[in-house]
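# Examining the three-dimensional arrangement
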Amino acid sequence: MLTAGHPPDLTARRHAHRLLAVGAIAFVYTVVMAGGTLTIPLYVLWASRYGFGPLTTVVVFIAYVVGVVGTLLVAGSLSDAVGRRPVLALSLALTALSALGFALADGLTVLLISRVLSGVATGLVTATATSAIAELVRVPRTAAMLGTAANVGGLSLGVVAAGVLAQCVPAPTHTVFWCYLATCAVAGVSWLGIPETADKSADKGGDRTRWRPRVRRPVLPDGASRVRSFVAAGVLVAASSGVNGFFSSLAPAFLRDNLGVSNFAVIGVGVGALFLSALLAQIAMPAALLRSDIGTALLAVGMIVVEAALWTPSAPLFIVGTVFAGAAVGTLFRHGLAVTAALCDPGNRAELTATYFLFLYSGLVVPVLLLGFADQAVGTRDSSALLAALVMSTALVGLALGRHTEPTSNA
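Residues numbered from 1 in each chain as written. Predicted model: local features only at pLDDT ≥ 70, side-chain atom pairs only at ≥ 80, totals over all residues. Heavy atoms only, no water.

### Examining the pattern of salt bridges
- Tallying each qualifying case throughout the model produces four salt bridges.
- Measuring nitrogen to oxygen at the nearest pair gives 2.8 Å for the salt bridge that ties Arg-84 to Asp-80.
- According to the relative accessible area criterion, Arg-84 is buried, its value standing at 1%.
- One salt bridge connects Arg-256 with Asp-257, and the closest N-O pair in it is separated by 2.8 Å.
- With a relative accessible area of 51%, Asp-257 lands in the exposed category. (Salt bridge = Lys/Arg side-chain N within 4 Å of Asp/Glu carboxyl O. Buried < 20%, exposed > 50% of the residue type's maximum accessible area, 1.4 Å probe, protein only.)

### What about a nonpolar patch on the surface?
- Taken together, the side chains of Leu-97, Leu-100, Leu-104 and Trp-178 define a hydrophobic patch exposed on the protein surface, amounting to about 390 Å² of accessible area.
- No other element matches the three residues that helix H5 (residues 84-104) contributes to the nonpolar patch. (Patch = residues over 30% accessible without salt bridge, like charges linked within 9 Å, V, L, I, M, F, W, Y side chains within 5 Å. Areas by Shrake-Rupley, 256 points an atom, 1.4 Å probe, with all protein chains shown as cover. Helix = DSSP H or I, 4+ residues; strand = E, 2+ residues; numbered from the N terminus.)

### Section: unusual backbone geometry
- Omega for the peptide link from Thr-312 to Pro-313 comes to -20 degrees, which places this bond in the cis form.
- Mapped onto the elements of the fold, Pro-313 is located in the loop between helix H12 (292-311) and helix H13 (315-343).
- Backbone geometry places Ala-171, a non-glycine residue, at a positive phi of 45 degrees.
- With respect to the helices and strands, the residue Ala-171 is situated in the loop between helix H7 (140-168) and helix H8 (172-191).

### Comments concerning the packing of aromatic side chains
- Taken as a whole, this structure holds 12 aromatic pairs when the rule is applied.
- Geometrically, the ring pair formed by Trp-46 and Phe-177 is stacked, given 6.2 Å between the ring centres and 15 degrees between the ring planes. Residue Trp-46 is located in helix H2 (residues 43-50), and its partner Phe-177 is located in helix H8; the two are separated by 131 residues in the primary sequence. Note on accessibility: Trp-46 and Phe-177 belong to one class, buried.
- Measuring from centroid to centroid gives 6.1 Å for Phe-230 and Phe-359, while their planes differ by 80 degrees, and the two rings are edge-to-face. Taken together, the residues Phe-230 in helix H9 (residues 224-249) and Phe-359 in helix H14 (residues 349-378) connect sequence positions 129 residues apart.
- A relative accessible area of 0% places Phe-230 in the buried class.
- Counting every residue linked through ring pairs, the aromatic cluster contains Tyr-43, Trp-46, Phe-102 and Phe-177.
- If you follow Arg-85 out to its NZ or CZ, it ends over the ring of Trp-191, 4.0 Å from the centre. (Phe/Tyr/Trp six-rings, centres within 6.5 Å; stacked < 30°, edge-to-face > 60°. Lys NZ or Arg CZ within 6 Å of the ring centre and 35° of its normal.)

Put into structure tokens, the structure is as follows:
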């Protein structure tokens with residue numbers, strides 16, 4: 001017979017298991033996201049070795065985006081059908097395979113294939129891990145913060161670690177990825193402690209076994225006002241992705257060629273400052289300030305200061321602009337994630353989250369590809385000014401769409 005002391009003990013054990021599970025999911029999420037930015041400080045080395053310029057660098061970066069977007073379109077709802085746990089395992093396996101490809105790469109073709117694999121892994125993990133955290137952490141705001149911390153924290157750790165290692169170790173284009181593979185092995189061990197969190201009651205008639213890969217129409221919430229609120233958040237995060245794309249592809253070359261920065265660790269920290277400030281903005285900024293108008297204002301300040309740094313030129317000013325731009329990226333990302341969480345139903349959580357990330361990663365393609373072409377045609381300064389104008393125009397469109405909609409971001 002149970003005594004009066006047992007139920008509290010059982011509750012405490014369940015709480016501890018839940019915390020460990022959330023920690024394991026966040027760790028796997030962080031590791032996979034870090035794999036997407038390990039390449040950033042190394043682009044200049046590959047460009048020198050294989051003889052390609054800014055446009056080819058952009059193409060290698062976009063190979064990653066193609067992998068992400070294609071996966072979100074084809075398999076965004078996969079974890080709703082087969083469960084969160086197996087999809088997390090698949091994403092970790094693919095990111096390890098991608099790292100192995102980079103470690104053994106001997107040409108541009110292998111780099112492209114490895115970047116696509118890394119993108120597929122990211123596309124699988126974003127919606128899946130975000131949904132799994134939301135299902136274990138019942139407070140939406142806390143779940144959004146944890147998901148964002150793992151996502152953006154992984155991006156920042158990847159680029160900073162790669163930059164520091166590239167400066168300190170021999171053969172950095174190989175050694176960085178062997179070190180990362182060891183981290184993937186640790187994440188694989190932590191995956192063993194992750195429970196299944198998907199709602200099996202939503203799977204009537206064995207739907208989990210009948211999932212088929214196909215291009216799916218992006219899902220939107222019900223109701224015109226809710227759709228408009230969701231699309232506004234998506235357009236804003238797409239605008240911030242243009243900044244992300246610049247820092248993730250051509251910023252290292254800009255730092256080296258235009259600002260005279262040649263130290264890989266400094267390049268890694270300089271680019272990582274974007275992601276670190278994005279993470280700090282979400283953790284330290286009061287929830288009342290995590291709004292679309294605040295994020296757009298920070299984005300405008302960041303882009304203006306970055307442009308001033310490129311025209312001056314001034315590396316310290318570039319870092320200041322990077323911090324403001326990163327705070328904008330973090331604010332707009334978490335705002336959109338909160339809106340998405342408020343509009344999700346249990347049966348389509350991963351699918352709607354995948355649509356949100358589809359906005360995010362689709363926003364990377366056009367600005368960065370335009371930047372690659374413009375850099376060859378008109379030079380660095382004019383092309384970066386064009387990017388800044390495109391990013392701000394998109395953000396203003398998103399801000400206008402969000403007016404007079406339901407206050408879902410406060411949920």
